[in-house]
Amino acid sequence: MDLAPAELFKSADLIKNNWVKKHSEHTLNLTEEWRELSCIFEKIKLRAHKIDPTLANSAAAVQARLKHAMENLEKKLVKAEKINYHTRLEQVEHIKADLFPHDSLQERNENFGLFYVKWGQSFIDELIRNFEPLDFKFTVLTE
């Protein structure tokens, strides 16, 4: 699914949002449109200020409301695109459930013996090779 190990430590919703934005054929953000609207609002605020200096604040308030509306529209675009990628996003849920059972770290739920039965002594050797007890970082081992 083109997910980096570090991404898997993020919430499932964040992973899905980022995956959809990365793989969508459509532009799901309105950054360029907002930049254009901001330029227009600067002109509106200037005109309003020339007419009455107190109107500039009203124009800024309208701009803030529009910014909020644009952010909501972006969320709706992502949500609609998520529907198109429903199957792939379910896979994200399954991956998260496998790697973080009960929203906890895998080693807190899985029995060590299952890994040993599957890979034998080579599993222990690999753990010793990669384990840095004073590093205080997660180590992700993959097959």
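Quick note: structure is the one above.
These lines cover the structure that appears in this document, whether it is placed above or below.

Calculation rules
- Residues numbered from 1 in each chain as written.
- Predicted model: local features only at pLDDT ≥ 70, side-chain atom pairs only at ≥ 80, totals over all residues.
- Heavy atoms only, no water.
- Core = buried A, V, L, I, M, F, W, Y, C linked by side-chain atoms within 4.5 Å.
- Buried < 20%, exposed > 50% of the residue type's maximum accessible area, 1.4 Å probe, protein only.
- Contact = heavy atoms within 4.5 Å.
- Helix = DSSP H or I, 4+ residues; strand = E, 2+ residues; numbered from the N terminus.
- Expected span 1.5 Å × (residues − 1).
- Axes fitted to C-alpha atoms, helices over the stretch in contact; angles between N-to-C directions.
- Parallel < 35°, antiparallel > 145°, perpendicular 65-115°, else oblique.
- Nonpolar A, V, L, I, M, F, W, Y, C, P; charged D, E, K, R; others polar.
- Phe/Tyr/Trp six-rings, centres within 6.5 Å; stacked < 30°, edge-to-face > 60°.
- Lys NZ or Arg CZ within 6 Å of the ring centre and 35° of its normal.
- Polar contact = N/O pair within 3.5 Å; in protein donor to acceptor, adjacent residues only side chain to side chain.

Some points on the nonpolar core
Trp-19, Val-20, Leu-28, Val-78, Tyr-85 and Leu-89 together form the largest nonpolar core, which totals six residues. When sequence neighbours within four positions are dropped, the list of residues in contact with Tyr-85 reads Trp-19, Val-20, His-23, Ser-24 and Glu-25.

Things to note about helix α3 (residues 55-84)
Across its 30 residues, α3 extends 44 Å between first and last C-alpha, which sits within 8% of the 44 Å expected from 1.5 Å per residue. The elements touched by buried residues of α3 are α1 (12-23) and α2 (31-51).

Quick notes on the packing of α1 against α3
Running from amino to carboxyl end, α1 crosses α3 at an angle of 85°, the nearest separation of the two axes being 10 Å. Considering the angle they form, α1 stands roughly perpendicular to α3. For the pair formed by α1 and α3, the contact residues are Asp-13, Lys-16, Asn-17, Val-20 and Lys-21 on the first element and Val-78, Glu-81 and Lys-82 on the second. When grouped by side-chain class, the residues that make up the contact of α1 with α3 number two nonpolar, one polar and five charged.

A look at unusual backbone geometry
Look at Asp-2: it is not a glycine, yet its phi comes out positive at around 65°. For Asp-2, the position within the fold is in the segment before α1. Despite not being glycine, His-102 has its phi angle at roughly 55°, a positive value. Structurally, His-102 is set in the loop between α4 (86-99) and α5 (106-109).

A word on the packing of aromatic side chains
Counting across every chain of the model gives eight aromatic pairs. With a centroid separation of 5.3 Å and an interplanar angle of 85°, the aromatic rings of Trp-19 and Tyr-85 are classed as edge-to-face. With Trp-19 in helix α1 and Tyr-85 in the loop between α3 and α4, this residue pair connects regions lying 66 residues apart in the sequence. Using a relative accessible area of 19% as the deciding quantity, one classes Tyr-85 as buried. The structure contains a cluster of three or more aromatic residues connected by ring pairs, namely Phe-112, Phe-115, Tyr-116, Trp-119 and Phe-123. Against the face of Phe-100 rests Lys-96, its NZ or CZ located 4.4 Å from the ring centre.

Regarding the environment of Glu-93
Tracing the chain through its elements places Glu-93 in helix α4. The class for Glu-93 is partly exposed, based on a relative accessible area of 37%. Sequence separation between Glu-93 and Lys-16 is 77 residues, and the spatial gap between their C-alpha atoms is 8.8 Å. Other than its neighbours up to four places away in sequence, Glu-93 contacts Ala-12 and Lys-16. Separated by 2.7 Å, the side chains of Glu-93 and Lys-16 make a polar contact.

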